[in-house]
Amino acid sequence: MANDLVLDTAIRDWVLVPLSLVMVLIGILRHFVSKFLRSTNTPDLKAIKESQLVVRARYLRGAANFIPEKAFKSRRHFYNNEENGLLHVPKSQAQNMQAQMFSDPNMAMDMMKKNLSMIVPQTLTFAWVNFFFSGFVAAKIPFPLTQRFRPMLQNGIDLSSVDVSYVSSRSWYFLNLFGLRGFFSLILGEENATDDTQKMMQMGGQMGGFGVDPSKTLSAEKDGLELVQHSWALPKLEEEAESILRDILST
Amino acid sequence: MESAATRSHFEKLESKVDEGVGNVIEWLALVRRFKLRRSEKVTTHGCALLRDSSLRRKLGSEVWTVYEQVAIAAMDCQCLDVSKMCIEVLIAKFPNSARVGRLEGMLYEAKGQWQQAETKYQTLLELQPSDAFAYKRKVAIAKAQGNLGAAIEALKQYLDTFMADQEAWRELAEIYIALQKYSQAAFCYEELILMETANATWHLMYAEVQYTLGGLENLRIARKYYASAIKLSAGKNLRSLYGLCMCSAVLSQTKGRAKDEEGTELQSLASSVIMKKYKEKCPNKARLVTSFLEKQKL
């Protein structure tokens, strides 16, 4: 019975096509607006130092067995000692850092700009779609799908009797939102601002400081380093080198 | 895979450009992309391109990148007037750009005006303290003047912040070796080994530094690292084989420690591998090598 559902061509002309068109146009607009708003972000020297420090400490943790024990211990002491070790963050300073972060106006400004180019248009278009096109069945995909796809394709329609291959307008909006990335990279070049996932990842990286303060990463790294058991890998290597040389000789 | 294809495309394009028929714009872009040093060709072709106003228009906004590229290439060829011209165009377009500032500094360097270059980089650093490029150039200035001590200081200052930079550690190690500060160099190589555990070169260099330092303990460490360099290079690195032979020879000469039997085993294996290689690749020198290795065994 659901198969009998016939979609009006007016729906195609007045819902499906305009919706896609608007999504594309908004994407392009956002690209240019964010290009306009993008601040040359000048990374803080201290932040760089901290991230590099974590990287270096991670190398030490991962490859501890490749250097002599003495070298490892002196490095660990250098990172972890209680007086001036690089990974050691005094307690009072740790709290300070967080407070500093929140009061940093640059950070807030950056956040706001990101919001402007990302969240605001999304909310607006969503509201617009919701207001004008709620409850439309906008399209039908030409192949059958299982029930699991219902929340993805028929968002906004609470009818279990409609076949899953029908797409509601709100779902069409979501599909466009996430599916147009490839199209944007075609028309706007690889590095366009519409790439939300990338942006979110970036945000995760940068804002890593916002929720979790860097002193936590530092002290986590410190604990990890403290736990490393040093067992030199090289004594075994001598035998392996011998066997390799034997192989060369025997061939 | 994709880059291998573009690479072969690039080589074809380059031969065409040399004949004067290829697409210079595309060639320049590929040179930039692969970070190649084709300074002479870039200067000649780039200059010809930039002189032609219709071609310049064709470049669009890419023209500034080409100006930058040609400026650097021209410095490399000591065509300082060409480079100066390019930089002047860039300054007119981007008066306050740090990127153009770097070019200015490099031009001073190319002219040998170290003091001006130094002040230029210093101002860049004041504007943007996290400018790794300016730090590195300062090291280069000190090195170019032959002032290795200052180079070390500058590098230390750089590494204090950018401590995960492999190239910088390597540079520092090499400078320390030049100054015969071997234990400091050893530290740098340890750092490099930590960053790239599978790179035979670092193991080899570390072994050599330890060998040079001498002393029983260091020699033992050296031999182990020679062994690991042999392992990582699958016995193909002749330098590490020789090193192992020398190192074991010294160790066996050290009196009172006769229990290094596995070491002598490894040494004889290494020397026979060296012999084998010489017999395969260079038979007329094999005799010389034999006598040298025999001497080591004694």
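Definitions and limits used
- Residues numbered from 1 in each chain as written.
- Chains lettered and ligands numbered in written order.
- Predicted model: local features only at pLDDT ≥ 70, side-chain atom pairs only at ≥ 80, totals over all residues.
- Heavy atoms only, no water.
- UniProt positions renumbered as here; feature names shortened; annotations may be inferred.
- Helix = DSSP H or I, 4+ residues; strand = E, 2+ residues; numbered from the N terminus.
- Buried < 20%, exposed > 50% of the residue type's maximum accessible area, 1.4 Å probe, protein only.
- Contact = heavy atoms within 4.5 Å.
- Areas by Shrake-Rupley, 256 points an atom, 1.4 Å probe, with all protein chains shown as cover.
- Phe/Tyr/Trp six-rings, centres within 6.5 Å; stacked < 30°, edge-to-face > 60°.
- Lys NZ or Arg CZ within 6 Å of the ring centre and 35° of its normal.
- Buried area = accessible area lost by both parts, 1.4 Å probe.
- Salt bridge = Lys/Arg side-chain N within 4 Å of Asp/Glu carboxyl O.
- Polar contact = N/O pair within 3.5 Å; in protein donor to acceptor, adjacent residues only side chain to side chain.
- Nonpolar A, V, L, I, M, F, W, Y, C, P; charged D, E, K, R; others polar.
- Axes fitted to C-alpha atoms, helices over the stretch in contact; angles between N-to-C directions.
- Parallel < 35°, antiparallel > 145°, perpendicular 65-115°, else oblique.
- Left-handed = near helix turned anticlockwise from the far one by under 90°.

Chain B goes by ER membrane protein complex subunit 2 in an unreviewed UniProt entry, where it is assigned to Ceratopteris richardii. The heading Subcellular location (unreviewed entry) in the UniProt record of chain B holds the text "Endoplasmic reticulum membrane". Looking at chain B in UniProt, the text filed under Subunit (unreviewed entry) is "Component of the ER membrane protein complex (EMC)."

As recorded in an unreviewed UniProt entry, chain A goes by ER membrane protein complex subunit 3 and comes from Ceratopteris richardii. In the Sequence similarities (unreviewed entry) part of its UniProt record, chain A is described as follows: "Belongs to the EMC3 family." Here is the UniProt Subcellular location (unreviewed entry) comment for chain A, exactly as written: "Membrane".

Time to look at the overall build of chain A. Looking only at helices and strands, chain A features twelve helices and two strands. Moving toward the C terminus, one meets the helices and strands of chain A in the order α-α-α-α-α-β-α-β-α-α-α-α-α-α. Per-residue burial over chain A gives 38% buried out of 251 residues. A separation of at least 24 residues holds for 72% of the contacts in chain A among residues at least 6 apart in sequence. Accessible surface computed for chain A: about 15300 Å², of which carbon and sulfur atoms make up 62%.

Okay, the packing of aromatic side chains next. In this structure the tally under the stated criterion is 18 aromatic pairs over all chains. On the basis of an interplanar angle of 65° and a centroid distance of 6.2 Å, the ring pair of Tyr135(B) and Phe162(B) is categorised as edge-to-face. Of the two residues, Tyr135(B) sits in helix α9 (residues 132-144) while Phe162(B) sits in the loop between α10 (148-161) and α11 (166-178), which places them 27 residues apart along the sequence. Here the two residues Tyr135(B) and Phe162(B) agree in accessibility, since each one is buried. Aromatic rings pair up to connect Trp128(A), Phe131(A), Phe132(A) and Phe133(A) into one cluster. Arg75(A) extends its terminal NZ or CZ atom over the ring of Phe187(B), reaching a point 4.1 Å from the ring centre. One Lys or Arg, Arg7(B), reaches over the ring of Phe34(B) and ends 4.8 Å from the middle of that ring.

Quick look at the interface of chain A and chain B now. The interface of chain A with chain B comprises 34 residues on the first partner and 39 residues on the second. Taken together, both faces of the contact between chain A and chain B bury some 3400 Å²; the carbon and sulfur share is 70%. Contact with chain B buries area across many residues of chain A, yet Arg56(A), Glu238(A) and Leu245(A) alone supply 19% of it, more than any other trio. The interface formed by chain A and chain B includes five salt bridges. The salt bridge partner of Glu191(B) is Arg56(A), with a shortest N-O separation of 2.7 Å. The interface formed by chain A and chain B contains nine residue pairs in polar contact (both at pLDDT 80 or more). Ranked by the residues each element gives to the side of chain A that touches chain B, the list is headed by helix α12 (residues 234-250) of chain A, at twelve residues. For the side of chain A that touches chain B, the residue count by class is 24 nonpolar, three polar and seven charged.

Residue and element names in this part refer to chain B. The contact between helix α5 (residues 62-76) and helix α7 (residues 98-111) brings their axes to 10 Å, and the two run at 15°. As judged from the angle between their axes, α5 and α7 are roughly parallel. Crossing angle aside, the handedness with which α5 passes α7 is left-handed. Two secondary-structure elements touch here, α5 through Thr 65, Glu 68, Ile 72 and Met 75 and α7 through Arg 99, Leu 103, Met 106, Leu 107 and Ala 110. In terms of residue class, the contact of α5 with α7 is built from six nonpolar, one polar and two charged.

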